[in-house]
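Secondary and tertiary structure notes
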Amino acid sequence: MSMIAAFYGGKSILITGATGFLGKVLIEKLCRTSPDLKVIYILVRPKAGHTLQQRVSQIINSKLFEKVREVCPNVHEKIRAISADLNQNDFAISKEDMQELLSCTNIIFHCAATVRFDDHLRHAVQLNVTATQQLLFMASQMPKLEAFIHISTAFSNCNLKHIDEVIYPCSVEPKKIIDSMEWWDDAIVDEIAPKLMGDWPNTYTYTKALGEMVVQQESGNLNIAIIRPSIVGATWQEPFPGWVDNLNGPNGMIVAAGRGFLRAIRASPLAVADLIPVDTVINLTLAVGWYTAVHRPKSTLIYHCTSGNLNPCNWGKMGCQVLSTFEKIPFEKAFRRPHADFTANTITVHYRNAVSHRAPAMIYDIYLWLTGRKPRMTKLMNRLLRTISMLEYFINRSWEWSTYNTEMLMSELSPEDQRIFNFDVRQLNWLEYIENYVLGVKKYLLKEDMAGIPEAKQHLRRLQNIYYLFNTVFFLIAWRLLIARSQIARNVWFFIRCIFA
Ligand SMILES: CCCCCCCCCCCCCCCCCC(=O)SCCNC(=O)CCNC(=O)[C@H](O)C(C)(C)COP(=O)(O)OP(=O)(O)OC[C@H]1O[C@@H](n2cnc3c(N)ncnc32)[C@H](O)[C@@H]1OP(=O)(O)O
Ligand SMILES: NC(=O)C1=CN([C@@H]2O[C@H](COP(=O)(O)OP(=O)(O)OC[C@H]3O[C@@H](n4cnc5c(N)ncnc54)[C@H](OP(=O)(O)O)[C@@H]3O)[C@@H](O)[C@H]2O)C=CC1
């Protein structure tokens, strides 16, 4: 019998960020392994014209929840959506709902965050810091609360090279920043943001660091743990390999490379690609929830959920495997044949951006314009280049995260729990994982049918032929111009003709 699965039986669990990438996998695993849990409260806001119920139904009826629907047919009754907006005071939760949450919740998993790198500092502080503070205040009023699990990021201290499982202070107290945000107008925030952020590369990582400080300072008597995942990727094993549903992190780059838009990227091929599968993160999260509630460690423990020190893979190897998977499993509607280089040289990057990214986009837009259609490729390419520039920080450096607490926890699990809630990344076969990842991007993110692969391959062959034709025409024109201007070229041409005459 799994101790962790049994622990969640009969429990009332509160999850923020349940509609997000990690949140969905968390609910799925909880419902599948502990179908006898009492209730999962999820704080959800209506979005894009969908009501709460529609959002929940969409999740439950998705492919990800296929197994859950078998194991736990009454899953609809287990998930109780509570209308909430984490940007509002008291999260805009109704009095009755708040009363129920305060009196019933046993465990909190706080996943909600803004994960946009370029979010305005005010908004990032609101969601990643102030909302965390408010949730801790709510938690302090919950008599039945056994554990509060905060999801942070391994990059909250990306300004350091070696990162231990401790909370590092930021130069300005989060409380001061929260207070200041009330009277600073946007112009002041914009001006002061770079000074506050110092050597943090973006508002996301900075506010996640502030969020951790808030957790430390406001923990009171609460039983808290913090989990710091690195770059979270598609599922490794559960509920099936390769599941992914957004364009964040490597996902968008895989799409861009597979469709032939991405030709070159500034990256160090030898830098560690600290990717971690989302199901591994969730297994660790559930194990931490159990351990924190049952063993009640004296201090707040931080768990690094990273792969680099246990089973490292670098960006070069990862990129090669992604590209070689495209040969077997191409994406549909490719703009060009997939091919991308990693380069560390700034001049090469500028050259490749001009020649391999912008020029083909402009040529294609001219073609669209000439055929009476709306040009769109230059805009898309500019967006891609902007995204790449935001990710570059993370693909040109390596970090070392110590994982003592995570390894300690692994040794505390029974053999059965080690199997069911496996977070041992040493068992991960990167080549197999990346192949499934690319396949998952195709199937679950782009929603492409596997039956379309022969057609996609044929399309790539056509693109290859166009490429050869284009190069041949280009070569002939260049050669013709050269012959017209250079005696040496004319002599070479005469010599070649003699050979083949
Ligand atoms: C050789 C192959 C190599 C492949 C492997 C190499 C991979 C390297 C990747 C390294 C990743 C490193 C990540 C580091 C993560 C740090 C860890 C965390 O905690 S981080 C936690 C994780 N956080 C993150 O990862 C956040 C990172 N992302 C961001 O912060 C923002 O997206 C942004 C600032 C980069 C761009 O903002 P902005 O320009 O405003 O764009 P919006 O986002 O608003 O989207 C607008 C529209 O464009 C659409 N679309 C978007 N991308 C693509 C695409 N690639 N394609 C197609 N479409 C795309 C999008 O759907 C939307 O459509 P619609 O709805 O309008 O119809
Ligand atoms: N993905 C990654 O690579 C990594 C993620 N993490 C951390 O994991 C956690 C989850 O990330 P991930 O699942 O990828 O993020 P997503 O962007 O996929 O999900 C964010 C979640 O937060 C919710 N949310 C955002 N704003 C509000 C709001 N105002 N009120 C209520 N809910 C809100 C979103 O709801 P809605 O659907 O309504 O927008 C969504 O459910 C975050 O704390 C992140 O920092 C850490 C390392 C890496």
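These numbers come from a predicted model, not from an experiment.

**Describing the environment of Gln99**
Among the secondary structure elements, Gln99 is positioned in helix H6 (residues 95–104). Along the backbone, Gln99 and Lys443 are 344 residues apart, and their C-alpha atoms lie at a distance of 42 Å.

**Some points on the nonpolar core**
Counting residues in hydrophobic clusters, the biggest one holds 157 residues, and the most contacted among them are Ile15, Leu30, Ile42, Phe109 and Leu409. Top element by residues in this core is helix H12 (residues 278–295). It accounts for ten residues. Setting aside residues no more than four positions away along its own chain, Leu30 makes contact with Tyr8, Ile13, Ile15, Pro35, Leu37, Ile40, Phe109 and Leu286.

**Some remarks on the UniProt feature "transmembrane region" (unreviewed entry) in the protein**
Taking the numbering used here, the UniProt-annotated feature "transmembrane region" (unreviewed entry) corresponds to residues 466–483. The annotated region residues 466–483 carries 100% helix and 0% strand content, and the separation between its end C-alpha atoms amounts to 25 Å.

**Brief notes about the UniProt feature "domain: Fatty acyl-CoA reductase C-terminal" (unreviewed entry) in the protein**
As annotated by UniProt and renumbered to match this structure, "domain: Fatty acyl-CoA reductase C-terminal" (unreviewed entry) occupies residues 357–448. The span residues 357–448 shows a helical share of 70% and a strand share of 2%, and its end C-alpha atoms are spaced 25 Å apart.

**Looking at the packing of helix H13 (residues 315–328) against helix H18 (residues 430–445)**
Each pair of packed helices can be described by the angle between their axes along with the distance between the axes. Where H13 contacts H18, the two axes come as close as 9 Å, and the packing angle between them is 50°. In terms of orientation, H13 and H18 fall into the oblique class. Classified by chirality, the crossing of H18 by H13 is right-handed. Across the interface between the two elements, Lys317, Met318, Gln321, Val322, Thr325, Phe326 and Lys328 of H13 pack against Trp430, Leu431, Ile434, Glu435 and Val438 of H18. Its residues assigned to classes, the contact of H13 with H18 comprises seven nonpolar, two polar and three charged.

**Notes on the domain arrangement of the protein**
Looking at the assigned domains, one finds that the protein contains domain 1 (3–251 + 271–311 + 399–445) and domain 2 (450–501). A straight line from the C-alpha centre of domain 1 to that of domain 2 covers 54 Å.

**Thoughts on the site of ligand 1**
Lining the immediate surroundings of ligand 1 are 25 residues, of which Arg116, Phe117, Tyr204, Leu247 and Gly249 lie closest. Arg116 places a polar side-chain atom, nitrogen or oxygen, 2.9 Å from an oxygen atom of ligand 1. With respect to ligand 1, the side chain of Arg386 contributes an N or O atom lying 3.4 Å from an oxygen atom. Put simply, the parts of the chain that give the shell around ligand 1 at least two residues each are helix H11 (250–258) and helix H15 (377–395).

**Focus: the packing of aromatic side chains**
By the definition in use, this model includes 25 aromatic pairs. An angle of 40° between the planes, with centres 5.8 Å apart, marks the rings of Tyr364 and Tyr367 as tilted. Separated by three residues within a single helix, Tyr364 and Tyr367 lie in helix H14 (residues 346–370), roughly one turn from each other. Aromatic pair Phe475 and Trp479: ring centres 6.3 Å apart, planes at 5°, arrangement stacked. Of this pair, Phe475 and Trp479 both sit in helix H19 (residues 453–485), four residues apart, roughly one helical turn. The class for Phe475 is exposed, based on a relative accessible area of 52%.

**What to know about the site of ligand 2**
Close contacts around ligand 2 come from 26 residues, with Thr19, Arg45, Arg55, Tyr204 and Lys208 the closest. Tyr204 has a polar side-chain atom sitting 2.6 Å from an oxygen atom of ligand 2. For ligand 2, whose unbound accessible area comes to 900 Å², protein coverage reaches 90%. Every element with two or more residues in the shell around ligand 2 is listed here: helix H2 (21–33) and helix H10 (203–217). Considering only residue class, the shell around ligand 2 consists of 13 nonpolar, eight polar and five charged.

**Brief notes about helix H20 (residues 487–500)**
When the terminal C-alpha atoms of H20 are compared, their 20 Å separation across 14 residues agrees well with the 20 Å that a helix rising 1.5 Å per residue should span. The distance from a side-chain oxygen at the start of H20 to the backbone nitrogen of Ile488 is 3.3 Å, and the residue carrying that oxygen is Ser486.

**Considerations on a nonpolar patch on the surface**
There is a patch of nonpolar side chains on the surface, built from Ile488, Val492, Trp493, Phe495, Ile496, Ile499 and Phe500 and spanning about 750 Å² of accessible area. With respect to the helices and strands, the residue Ile499 is situated in helix H20.

**Remarks on the sheet that holds strand E2 (residues 39–44)**
Spatially, E3-E2-E1-E4-E5-E7-E11 is the arrangement adopted by the seven strands of the open sheet, whose pairing is parallel. A strand with exactly one partner marks an edge of an open sheet, and here the two such strands are strand E3 (79–83) and strand E11 (301–305). For this sheet the average axis-to-axis angle between neighbouring strands, irrespective of direction, equals 20°. Note that strand E1 (residues 12–16) and E2 share five bridges and pair parallel. Bridge assignment links Thr16 to a residue of E2, and that residue is Leu43.

The rules behind these values
- Residues numbered from 1 in each chain as written.
- Chains lettered and ligands numbered in written order.
- Predicted model: local features only at pLDDT ≥ 70, side-chain atom pairs only at ≥ 80, totals over all residues.
- Heavy atoms only, no water.
- Helix = DSSP H or I, 4+ residues; strand = E, 2+ residues; numbered from the N terminus.
- Core = buried A, V, L, I, M, F, W, Y, C linked by side-chain atoms within 4.5 Å.
- Buried < 20%, exposed > 50% of the residue type's maximum accessible area, 1.4 Å probe, protein only.
- Contact = heavy atoms within 4.5 Å.
- UniProt positions renumbered as here; feature names shortened; annotations may be inferred.
- Axes fitted to C-alpha atoms, helices over the stretch in contact; angles between N-to-C directions.
- Parallel < 35°, antiparallel > 145°, perpendicular 65-115°, else oblique.
- Left-handed = near helix turned anticlockwise from the far one by under 90°.
- Nonpolar A, V, L, I, M, F, W, Y, C, P; charged D, E, K, R; others polar.
- Domains from an automatic or database assignment.
- Near = heavy atom within 4 Å.
- Polar contact = N/O pair within 3.5 Å; in protein donor to acceptor, adjacent residues only side chain to side chain.
- Phe/Tyr/Trp six-rings, centres within 6.5 Å; stacked < 30°, edge-to-face > 60°.
- Areas by Shrake-Rupley, 256 points an atom, 1.4 Å probe, with all protein chains shown as cover.
- Expected span 1.5 Å × (residues − 1).
- Patch = residues over 30% accessible without salt bridge, like charges linked within 9 Å, V, L, I, M, F, W, Y side chains within 5 Å.
- Salt bridge = Lys/Arg side-chain N within 4 Å of Asp/Glu carboxyl O.
- Pairing = 2+ DSSP bridges.

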